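This is what each chain is made of:
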Amino acid sequence: MKNITINRITRNLFLGLFVLVLTASFTSCSKKVTFQTSTIVPAARGDVKITKDENKNYLIVIKIENLAEVSRLDSSKKAYVVWMETEESMVKNIGQIKSDSNFLSSKLKATFETVSPVKPTKIFITAERDPQVQYPDSEIILTTNRL
């Protein structure tokens, strides 16, 4: 009887440890960071989720709510541009983000998704005249802390 109880305890401990290691391995591959409150669009709220995929690339997913239409910020601005900073302090334009207002929702929502072979250390968004611009404007709309 004592042997059966010890075997059950050992099995349960092993199973618990296995589940803990498995959970830790999944959560260590993904990181979710909230954007800091914007001084330009204070109502905007959002986050960035970065996941390393099986090809060792970084999947970057951005979700934002209450992002004003870019033309409301400045009539000369045409697009929100997403930038990625790397460990080497390189800043790269990784795409354009559009805000949509759905007739079923009163909130302006924006989503963005891309893949990068380089690990991002910071993500930020600017309003630009041209979405193809190679260097960001000095006015940052949303930014994360270091990732």
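Here's a quick rundown of the structure. (Residues numbered from 1 in each chain as written. Predicted model: local features only at pLDDT ≥ 70, side-chain atom pairs only at ≥ 80, totals over all residues. Heavy atoms only, no water.)

Description of unusual backbone geometry
Positive phi is not limited to glycine here, since Lys-56 has a value of about 70°. Within the element layout of this structure, Lys-56 appears in the loop between strand E2 (45-52) and strand E3 (58-65). With phi around 65°, Ser-89 is a residue other than glycine that occupies positive phi space. As for its position among the elements, Ser-89 is in the loop between strand E4 (79-86) and strand E5 (91-97). (Helix = DSSP H or I, 4+ residues; strand = E, 2+ residues; numbered from the N terminus.)

What about the side chain of Thr-86?
Assignment of secondary structure puts Thr-86 in strand E4. Each residue touching Thr-86, except ones within four places of it in the same chain, is listed here: Val-118, Lys-119 and Thr-121. (Contact = heavy atoms within 4.5 Å.)

Observations concerning the environment of Leu-59
Note that Leu-59 resides in strand E3. Looking at Leu-59, the relative accessible area reads 26%, which means it is partly exposed. Once residues within four sequence positions are removed from consideration, Leu-59 is found in contact with Lys-49, Ile-50, Thr-51, Glu-113, Thr-114 and Val-115. (Buried < 20%, exposed > 50% of the residue type's maximum accessible area, 1.4 Å probe, protein only.)

Quick look at the pairing of strand E8 (residues 120-128)
Of all nine residues making up E8, eight are buried, and the element is well covered by its neighbours. Here E4 runs beside E8; their pairing, made up of eight bridges, is antiparallel. Bridge pairing links Thr-86 to Pro-120 in E8. In this sheet, strand E9 (residues 140-143) lies alongside E8 in antiparallel orientation, the contact comprising three bridges. Each bridged residue has a counterpart across the sheet, and for Thr-126 the counterpart in E9 is Ile-140. (Pairing = 2+ DSSP bridges.)

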